[in-house]
Amino acid sequence: MKTKLIMSVLTIMFLTSFKSYAKPFVAKNTISKIDIYKAVEYKTILVDSLKIFYREAGETSKPTIILLHGFPSSSHMYRNLINELAHNYHVIAPDYPGFGQSSAPTPQQYQYTFDNLSITIEHFIDQLKITKTSFYIQDYGGPVGMRIVTRRPELIQSLIIQNSNAYVEGLGEVLKPLIAYVENPNAETEKAARFFLTLDATKWQYLTGAGAPEKIAPDSYSIDQYYLDRKGNDVIQLALFRDYGSNIVLYEKWHQYFAKYKPPMLVIWGKNDQFFYCCGSKCL
């Protein structure tokens, strides 16, 4: 739920600002080892009986960054950013259950809540034996990632937060139909919520507010819509819509985490995002 804006240059500048990540000077016309990196690989791992798909690039000896995607996307949304970061970082981008190439069991087989998504991704991180990482969280990546962060503060090196809300002030007017569905799920409110599963809504998220819509590749929203249109995926997404209120009640807990641990953070925002207003970023 957002304007699709991946500010890879800002992210790289932020990450490379850490002294621990500093690179030695390389003389001109010499080949640096930093230029040789492990290209993107597409993998699947079994986590709690679910097949979790993920993209991985870069060397495992380098600092790890985990990219947590938003709605209605998957790790595919980070395909370009992964290549930008892989020179200097070990990059991992998973698909949540019900998204992208990961398993999509029915709601009777897997309870689609943000708590459960976070638990699955936490177990995914543990299976990869990652003990220190930065999180890039965007949209749904916020409530998934922040649950992990507050449970495991020792895991986190830094946070990059992009259009991922943690303040009531940041909730946009466009969210009203979804809030109505959360508060009173019935046939009428469900019909309004289902609009957000349509191609028109997916294109709207990509194009509305974009400074140069002609630079947005149509395959981006077409691939998102392909996954949304899979048989049974609508009930998965509706279940997560209904559970969205569980995120709002955790905002105060997340604020306490920010105040107590003061993790290094970069907050970047698409100012024309109509789901999550820019004022939400200024509260961080």
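Before any of the text, the structure's been laid out above.
Just so it is clear, the model here is predicted, and its values are computed rather than measured. (Residues numbered from 1 in each chain as written. Predicted model: local features only at pLDDT ≥ 70, side-chain atom pairs only at ≥ 80, totals over all residues. Heavy atoms only, no water.)

(A) Layout of the overall build of the chain. Each helix and strand counted, the chain has twelve helices and seven strands in total. Looking at the chain as a whole, 52% of its 284 residues are labelled buried. Across the chain, the fraction of contacts at a sequence separation of at least 24, relative to all contacts at a separation of at least 6, is 76%. (Helix = DSSP H or I, 4+ residues; strand = E, 2+ residues; numbered from the N terminus. Buried < 20%, exposed > 50% of the residue type's maximum accessible area, 1.4 Å probe, protein only. Contact = heavy atoms within 4.5 Å.)

(B) Region of interest: the pattern of salt bridges. One pass over the full model with this rule turns up ten salt bridges. Among the salt bridges present, the one from Glu41 reaches Lys38, with a minimum N-O distance of 3.6 Å. According to the relative accessible area criterion, Lys38 is partly exposed, its value standing at 31%. One salt bridge in this structure joins Arg151 and Glu122, with 2.8 Å as the shortest N-O distance. Taken as a pair, Arg151 in helix H4 (residues 141-151) and Glu122 in helix H3 (residues 114-127) lie far apart in primary sequence, 29 residues in all. The partly exposed category is assigned to Arg151, whose relative accessible area is 36%. Its relative accessible area of 11% is what places Glu122 among the buried residues. Connected via shared salt-bridge partners are Glu122, Asp126, Arg151, Arg152 and Glu154. (Salt bridge = Lys/Arg side-chain N within 4 Å of Asp/Glu carboxyl O.)

(C) Layout of the packing of helix H5 (residues 176-183) against helix H6 (residues 187-194). Direction vectors running N to C along H5 and H6 enclose 145°, while the axes themselves pass 8 Å from each other. Our pair here, H5 against H6, has a crossing hand that is left-handed. Taken together, the residues of H6 that come into contact with H5 (itself represented by Pro177, Leu178, Ala180 and Tyr181) are Thr189, Glu190, Ala192 and Ala193. Considered class by class, the residues forming the contact of H5 with H6 number six nonpolar, one polar and one charged. (Axes fitted to C-alpha atoms, helices over the stretch in contact; angles between N-to-C directions. Left-handed = near helix turned anticlockwise from the far one by under 90°. Nonpolar A, V, L, I, M, F, W, Y, C, P; charged D, E, K, R; others polar.)

(D) Representation of the side chain of Asp95 in the model. Topologically, Asp95 is positioned in the loop between strand E4 (90-94) and H3. An unpaired buried charge is present at Asp95: no salt bridge exists, and Arg55, the closest side chain of opposite charge, is 5.3 Å distant. When residues no more than four places from it in sequence are discounted, the contact partners of Asp95 are Ile52, Phe53, His69, Ser74, Ser75, Gly100, Gln101 and Ser102. (Lys, Arg positive; Asp, Glu negative; His and termini not counted.)

(E) Spotlight on the sheet that holds strand E6 (residues 156-162). Ordered by their spatial adjacency, seven strands build an open sheet running E1-E2-E4-E3-E5-E6-E7, and the pairing between neighbours is mixed. The open sheet has two free edges, formed respectively by strand E1 (41-47) and strand E7 (265-268), since each of these has just one partner strand. The mean angle between the axes of side-by-side strands here comes to 20°, regardless of whether they run parallel or antiparallel. When strand E2 (residues 50-57) meets E4, the two strands line up antiparallel, connected through four bridges. Bridge assignment links Ala57 to a residue of E4, and that residue is Val91. The strands that H3 touches are E1, E2, strand E3 (64-68), E4 and strand E5 (133-138); relative to E1, the one it contacts most, it runs at about 110°. (Pairing = 2+ DSSP bridges.)

(F) Broad picture of the nonpolar core. Counting 48 residues, the largest nonpolar core has Ile125, Phe135, Tyr140, Leu159 and Phe241 as the members making the most contacts within it. Judged by nonpolar contacts, the second largest core, of 16 residues, contains Ile65, Leu67, Met77 and Leu85. (Core = buried A, V, L, I, M, F, W, Y, C linked by side-chain atoms within 4.5 Å.)

(G) Quick look at the environment of Val182. Tracing the backbone through its elements, the reader meets Val182 in helix H5. For the pair Val182 and Leu238, spaced 56 residues apart in sequence, the C-alpha to C-alpha distance is 9.6 Å.

(H) Spotlight on the packing of aromatic side chains. Taken as a whole, this structure holds 17 aromatic pairs when the rule is applied. Measuring from centroid to centroid gives 6.3 Å for Phe99 and Tyr140, while their planes differ by 80°, and the two rings are edge-to-face. With Phe99 in the loop between E4 and H3 and Tyr140 in the loop between E5 and H4, this residue pair connects regions lying 41 residues apart in the sequence. Per residue, the accessibility class of Phe99 equals that of Tyr140, and both read buried. Arranged with centres 5.7 Å apart and planes meeting at 50°, the rings of Tyr251 and Trp254 form a pair that is tilted. With Tyr251 and Trp254 both in helix H11 (residues 251-261) and three residues apart, the pair spans about one turn of that helix. (Phe/Tyr/Trp six-rings, centres within 6.5 Å; stacked < 30°, edge-to-face > 60°.)

(I) How the structure looks around unusual backbone geometry. Along the chain, Phe71 connects to Pro72 via a cis peptide bond; the corresponding omega equals 0°. Relative to the helices and strands, Pro72 is located in the loop between E3 and helix H2 (79-85).

(J) Layout of the side chain of Asn247. Looking at the element boundaries, Asn247 is found in helix H10 (residues 245-248). On the basis of relative accessibility, which here comes to 1%, the residue Asn247 falls in the buried class. Beyond its immediate sequence surroundings of up to four residues, Asn247 is in contact with Phe114, Pro143, Arg147 and Trp254.

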